[in-house]
Amino acid sequence: MKAIQITICSMSKHLFVFLISFGLIAALPILASAQEVREEQEVKEEEEDPWADVEFPFEDEKLLAFFDANQDISAQQRETNENIAEKLGEYKLTMERFQQIGRAAQMGALQGGAFSAEEIEAFNEVAPQITALQRNMQGLIQLIVEDHELDMQIYREILTEFRQNELLQQYVTHLARERAIEQIREERRREAEKKAEEEQKGQGGGDQ
């Protein structure tokens, strides 16, 4: 039992990156569905821009890149969470129990019989695997951020402000919604042009 405790404590500094890393990703408000966007587009005429007098320390382009990056990061995070849960299940541990043992190990409070020898042994065996999954996730986050033409510094700056500023959250959602509406308009414009070209070709063929 003593040897097991020492093993846990010696690895705790590297292990518990995962305990805080999940807090890196802010939950973005859910973007309206395509149907909702279409309904919003067709509801009424353009109104005065409520954001005209509001300023933020980030360019709209950067905020949209941040939004897109977080969409991809969230999807990858869900996959990582599923892999972690599956791996813990193989050792008959839940995430909650795993974290409880980890916190106790960090505080040197494994004594007292709160955890069985089997649980501690399972923790020791699975912990390096969970750490590897989390390190891989951290690497993917950086790749995703860079893929959206942001660097980690500006991403973290936006993320910090985003998590504290409800108005910024609303504005980012507004930007994403407006972009989606514009994309739908552009798609319809192309469809109309294509249809007009086809009709013109058909009339030309008929004249011959």
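Right, let's walk through the structure included here. These numbers come from a predicted model, not from an experiment. In this numbering scheme, every chain counts its residues from 1 along its sequence in written order. It should be noted that, the model being predicted, local features are given only for residues of pLDDT at least 70 and side-chain atom pairs only at 80 or more, the latter also being counted only at that level, while totals for whole chains, interfaces and linings use all residues. Each side-chain value is derived from all of the structure's non-hydrogen atoms; neither hydrogens nor water enter the calculation.

When a carboxyl oxygen of Asp or Glu lies within 4 Å of a side-chain nitrogen of Lys or Arg, that pair is called a salt bridge. A full pass over the atoms with the stated rule returns seven salt bridges. In this structure, the salt-bridge partner of Glu182 is Arg185, at a minimum N-O distance of 3.8 Å. Here Glu182 and its partner Arg185 are both found in helix α8 (residues 166-207), three residues apart, which amounts to about one turn of the helix. Residue class for Arg185 comes out partly exposed when judged on its relative accessible area of 35%. One network of salt bridges, in which partners are shared, links Glu186, Arg189, Arg190 and Glu193. A run of H or I in DSSP counts as a helix once it spans at least four residues, and a run of E counts as a strand once it spans at least two, with each numbered from the N terminus. Each residue is placed in one exposure class: buried if its accessible area under a 1.4 Å probe, protein chains only, is under 20% of its type's maximum, exposed if it is over 50%, and partly exposed if it falls in between.

Moving on to unusual backbone geometry. Of note, the phi angle at Lys92 is positive, near 60°, even though the residue is not glycine. Tracing the backbone through its elements, the reader meets Lys92 in the loop between α4 (60-90) and α5 (95-107). Given the relative accessible area of 77%, Lys92 is considered exposed. Unlike most non-glycine residues, Glu149 shows phi in positive territory, near 60°. Checked against the element boundaries, Glu149 lands in the loop between α6 (117-147) and α7 (152-164). Under the relative-accessibility criterion, Glu149 is labelled exposed at 64%.

This paragraph deals with a negative patch on the surface. On the surface, a cluster of negative charge is contributed by Glu59, Asp60, Glu61, Asp72, Glu146, Asp147, Glu149, Asp151 and Glu157. The leading source of residues in the negative patch is α4, at three residues. With respect to the helices, strands and loops of the structure, Asp60 is situated in helix α4. Within the patch definition used here, like charges are joined within 9 Å and nonpolar side chains (Val, Leu, Ile, Met, Phe, Trp, Tyr) within 5 Å, considering only residues with over 30% relative accessible area and no salt bridge. With residues, only the protein chains shown are counted as cover, and all accessible areas are computed by Shrake-Rupley using a 1.4 Å probe. A residue counts as positive if it is Lys or Arg and as negative if it is Asp or Glu; His and the chain ends are not included. Just so you know, the charge point we use is NZ for Lys, CZ for Arg, CG for Asp and CD for Glu.

Moving on, we get to the environment of Glu125. Here Glu125 is to be found in helix α6. Along the backbone, Glu125 and Tyr91 are 34 residues apart, and their C-alpha atoms lie at a distance of 8.4 Å.

Right, let's get into the packing of α5 against α6. A packed helix pair is summarised by two numbers, namely the angle formed by the two axes and the spacing between the axes. Contact geometry for α5 and α6: axes closest at 11 Å, N-to-C directions at 100°. Considered as vectors, α5 and α6 are oriented roughly perpendicular to each other. Residues Arg97, Phe98, Ile101 and Gly102 of α5 form the contact with α6, whose own contacting residues are Glu119, Phe123, Val126, Ala127 and Ile130. The residue classification treats Ala, Val, Leu, Ile, Met, Phe, Trp, Tyr, Cys and Pro as nonpolar and Asp, Glu, Lys and Arg as charged. All others, Gly included, are polar. Among the residues forming the contact of α5 with α6, the class breakdown is six nonpolar, one polar and two charged. Orientation is described by axes fitted as lines to C-alpha atoms, over the contacting stretch for helices, and by angles from 0 to 180 degrees between their N-to-C directions. An angle below 35 degrees is read as roughly parallel, one above 145 as roughly antiparallel, one from 65 to 115 as roughly perpendicular, and any other as oblique. Here, residues are in contact when the closest pair of their heavy atoms is within 4.5 Å.

The next point concerns α7. It helps to recall that an α-helix has 3.6 residues per turn; residues three or four apart then point in one direction. The first and last C-alpha atoms of α7 sit 18 Å apart over 13 residues, in line with the 18 Å expected at 1.5 Å per residue. Those residues of α7 that sit buried are Met152, Ile154, Tyr155, Ile158, Leu159 and Phe162. Each buried residue of α7 sits inside an arc of 160° when the element is viewed along its axis, so together they form one side. Opposite the packed face of α7, turned more than 90 degrees from it, sit the exposed residues Gln153 and Gln164. Polar contact criterion, stated in full: a pair of N or O atoms within 3.5 Å, where within protein one must be able to donate a hydrogen and the other to accept it, and residues adjacent in sequence count only if both atoms are side-chain atoms. By the N-cap criterion, in which a side-chain oxygen at the helix start approaches the backbone nitrogen of a residue two or three places on, α7 is capped by Asp151, the distance to Gln153 being 3.1 Å. Multiplying one less than the number of residues by 1.5 Å gives the expected span of a helix. In this description, one arc is meant: the one made by directions from the helix axis to the C-beta atoms.

A word on the side chain of Asn165. Relative to the helices and strands, Asn165 resides in the loop between α7 and α8. A polar side-chain atom of Asn165 sits 3.1 Å from the main-chain amide nitrogen of Leu168.

Side-chain rings of Phe, Tyr and Trp, where Trp is taken by its six-membered ring, are said to pair if the distance between their centres is within 6.5 Å; with planes under 30 degrees apart they count as stacked, over 60 as edge-to-face, and otherwise as tilted. Here the structure, examined in full by the defined rule, presents five aromatic pairs. Residues Phe66 and Phe162 carry aromatic rings whose centres are separated by 5.4 Å and whose planes lie at 55° to one another, so their mutual orientation is tilted. On the criterion of sequence distance, the pair formed by Phe66 in helix α4 and Phe162 in helix α7 is long-range, its members being 96 residues apart. What makes Phe66 buried here is its relative accessible area of 0%. Site record: aromatic cluster; members linked through ring pairs are Trp51, Phe56 and Tyr171.

Here α4 is 31 residues long and its end C-alpha atoms lie 45 Å apart, about the 45 Å a rise of 1.5 Å per residue gives. Just past α4, the residue Lys92 takes up positive phi, approximately 60°.

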